[in-house]
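One letter stands for each residue in the lines below.
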Amino acid sequence: MEADEVLTTTRAVRRRLDPARPVPLDLIRECVDVALQAPAGSNLPRTRFVVVRDPVLRTGLADLYTEVYEGTYRDSEGYIGRVATDDAGAARTQERSARSADALANALHEVDTIVLVCLEGARLDGLSAMASASLLGGVLPATWSFMLAARARGLGTCWTTMHLAREREAADLLGIPYERVQQVCLTPVAFTVGERFGRARRPSVDDVLHLDGWDAGLPSVPDVRGLAAR
Ligand SMILES: Cc1cc2nc3c(=O)[nH]c(=O)nc-3n(C[C@H](O)[C@H](O)[C@H](O)COP(=O)(O)O)c2cc1C
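Sequence order as written defines residue numbering, which begins from 1 separately in each chain. In keeping with the model being predicted, local features are shown solely for residues with a pLDDT of at least 70 and side-chain atom pairs are shown and tallied solely at 80 or more, while totals for entire chains, interfaces and linings include all residues. Based on all heavy atoms of the structure, the side-chain values leave hydrogens and waters out of the count.

**Description of the overall build of the chain**
What counts, and what does not: A helix here means a DSSP run of H or I that spans at least four residues, while a strand means a run of E at least two residues long, and both kinds are numbered starting from the N terminus. The reference for a compact globule is 2.2 Å times residues^0.38; the radius of gyration itself is calculated from the C-alpha atoms. It only takes one pair of heavy atoms within 4.5 Å for two residues to be counted as in contact. Note on areas: Shrake-Rupley, 1.4 Å probe, and residue coverage restricted to the protein chains presented here. Charged residues are defined narrowly, with Lys and Arg counted positive, Asp and Glu counted negative, and His plus the chain ends left uncounted. Here the site of a charge means atom NZ of a Lys, CZ of an Arg, CG of an Asp or CD of a Glu.
Of regular secondary structure, the chain possesses 8 helices and 4 strands. Computed over the C-alpha atoms, the radius of gyration of the chain is 18 Å, within 12% of the 17 Å expected from 2.2 N^0.38 for a compact globule of 230 residues. When contacts within the chain are restricted to residue pairs at least 6 apart in sequence, those whose partners lie at least 24 apart make up 82%. Counting every atom, the chain has about 13,000 Å² of accessible surface; 53% of that belongs to carbon and sulfur. Side-chain charges in the chain split into 27 positive and 31 negative, and the spacing between the mean points of these groups amounts to 2 Å.

Spelled out as structure tokens, the structure:
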């Protein structure tokens, strides 16, 4: 695949994760190897990939995810299916995304690999904007690179943060030292059912490109303070 194809067709895969095809650990290692080429602040790679294959641990993580999703998120203002838009096409896309998100709780219990991406050597609690942006910025590019590398190998992923509401329990489950390791992203990894994925509906370039300063006339998104905290 050309770079642009990988970049524009790496979707949040939830309903097309194939639980029947085990993922070879070597393929995960290749994706991690690619991901390690991503930039990191101070050239100090702090990204750690916790690959969870043990059925008991996987179920424990999936249970934490589902409990937050069903117990808190689904009824919250921030629920993906409740994000309002006047555009009928966008509303349909949002509705599809909501059904897909609803399906992930189930899918997470079925896949044989879950990857938890962590930031080592820091917790973000209470840090300045500069420190937290720099530390997160050292981990998120590698996380996305891992997903792009997975896509290029026929594997699907789905970036999630839901379980972070129960982060400490996930840390205890996996023996992660909570005081100095921040979990950042949890993703299933599985071969996809079919390999064709399309571009997603997104804002146009003109909607997001501010030229020579902030253009208050461009569309904005709901202020996060207006949405219930997850
Ligand atoms: C920071 C972040 C957190 C996310 N958290 C979740 C999550 O907890 N659960 C979930 O099902 N999807 C989650 N997503 C996936 C988004 O819903 C998905 O990327 C978005 O709907 C676009 O999907 P598409 O690229 O397939 O169109 C998250 C994505 C990002 C970038």
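That was the structure; now back to the text.
**As for helix α3 (residues 55–71)**
This is how it is decided: Working rule for helices: expected span equals 1.5 Å times residues minus one. Buried residues are those whose accessible area, probed at 1.4 Å on protein chains only, stays under 20% of the maximum for their type, while exposed residues exceed 50% and partly exposed ones sit between those limits. Under the rule applied, a polar contact is a pair of N or O atoms within 3.5 Å (in protein, one hydrogen donor and one hydrogen acceptor; residues adjacent in sequence only if both atoms are side-chain atoms).
Compared with an ideal rise of 1.5 Å per residue, which puts 17 residues at 24 Å, α3 spans 23 Å between its outermost C-alpha atoms and is within 8% of the ideal. For α3, the set of buried residues is Arg 58, Gly 60, Leu 61, Ala 62, Leu 64, Tyr 65, Thr 66, Val 68 and Tyr 69. If you check the start of α3, you find a side-chain oxygen 3.0 Å away from the backbone N of Val 56, and it comes from Asp 54.

**Side note on the pairing of strand β2 (residues 114–120)**
Our working rule: Strands qualify as paired when DSSP identifies two bridges or more between them.
Taking burial as the measure, the 7 residues of β2 include 6 buried ones, the bulk of the element. Bridge count for strand β1 (residues 47–52) against β2 is 6 bridges, and the pairing is antiparallel. Paired with Val 52 across the strands is Ile 114, a residue of β2. With 7 bridges joining them, β2 and strand β4 (residues 181–191) adopt antiparallel strand pairing. Counted as the bridge partner of Cys 118 is Gln 183 from β4.

**With respect to the site of the ligand**
Formally: By convention in this text, a residue qualifies as near a molecule or strand provided that one of its non-hydrogen atoms is within 4 Å of it. When residues are sorted by character, Ala, Val, Leu, Ile, Met, Phe, Trp, Tyr, Cys and Pro go into the nonpolar class, Asp, Glu, Lys and Arg into the charged class, and all the rest, Gly among them, into the polar class.
Residues in close proximity to the ligand total 15 residues, the closest being Ala 12, Arg 14, Tyr 65, Trp 159 and Arg 202. In this structure, an oxygen atom belonging to the ligand sits 2.9 Å away from a side-chain N or O atom of Arg 14. Between the ligand and the protein, one listed contact pairs a nitrogen atom with a backbone N or O atom of Trp 159 at 2.8 Å. When the ligand sits alone it has 640 Å² of accessible area, and the protein chains cover 68% of it. Residues belonging to the shell around the ligand are distributed by class as follows: 9 nonpolar, 2 polar and 4 charged.

**Quick word on the environment of Val 52**
Assignment of secondary structure puts Val 52 in strand β1. When the C-alpha atoms of Val 52 and Thr 161 are compared, they prove to be 16 Å apart, with 109 residues separating the residues in sequence. Excluding residues that lie within four positions of it along the chain, Val 52 makes contacts with Leu 57, Arg 58, Leu 61, Asp 112, Thr 113, Ile 114 and Leu 174.

**Section: the packing of aromatic side chains**
Our working definition: Pairing of aromatic side chains requires ring centres within 6.5 Å, counting the rings of Phe and Tyr and the six-membered ring of Trp. Pairs whose planes differ by under 30 degrees are stacked, by over 60 edge-to-face, and all others tilted. We count a charge as sitting over a ring when the NZ of a lysine or the CZ of an arginine lies within 6 Å of the ring centre and within 35 degrees of the ring normal.
Scanning all chains against the criterion turns up 4 aromatic pairs. One aromatic cluster in this structure is built from Tyr 65, Tyr 69, Tyr 73 and Tyr 79. Directly above the ring of Phe 197 sits Arg 16, whose terminal nitrogen or CZ lies 3.9 Å from the centroid.

**Topic: the pattern of salt bridges**
Selection rule: A carboxyl oxygen of Asp or Glu within 4 Å of a side-chain nitrogen of Lys or Arg is what we treat as a salt bridge.
All chains considered together, the criterion is met by 12 salt bridges. Among the salt bridges present, the one from Asp 102 reaches Arg 99, with a minimum N-O distance of 2.8 Å. Placement of both Asp 102 and Arg 99 in helix α4 (residues 88–108) is noted, with a separation of 3 residues, approximately one turn of the helix. For Asp 102, a relative accessible area of 18% puts it in the buried group. Residue class for Arg 99 comes out partly exposed when judged on its relative accessible area of 33%. In this structure, Glu 167 engages Arg 123 in a salt bridge whose closest nitrogen and oxygen atoms are separated by 2.9 Å. Within this pair, whereas Glu 167 is found in helix α7 (residues 167–174), its partner Arg 123 is found in the loop between β2 and α5 (129–137), the two being separated by 44 residues in sequence. Taken together, the shared-partner salt bridges connect Arg 74, Glu 95, Arg 99 and Asp 102 into one network.

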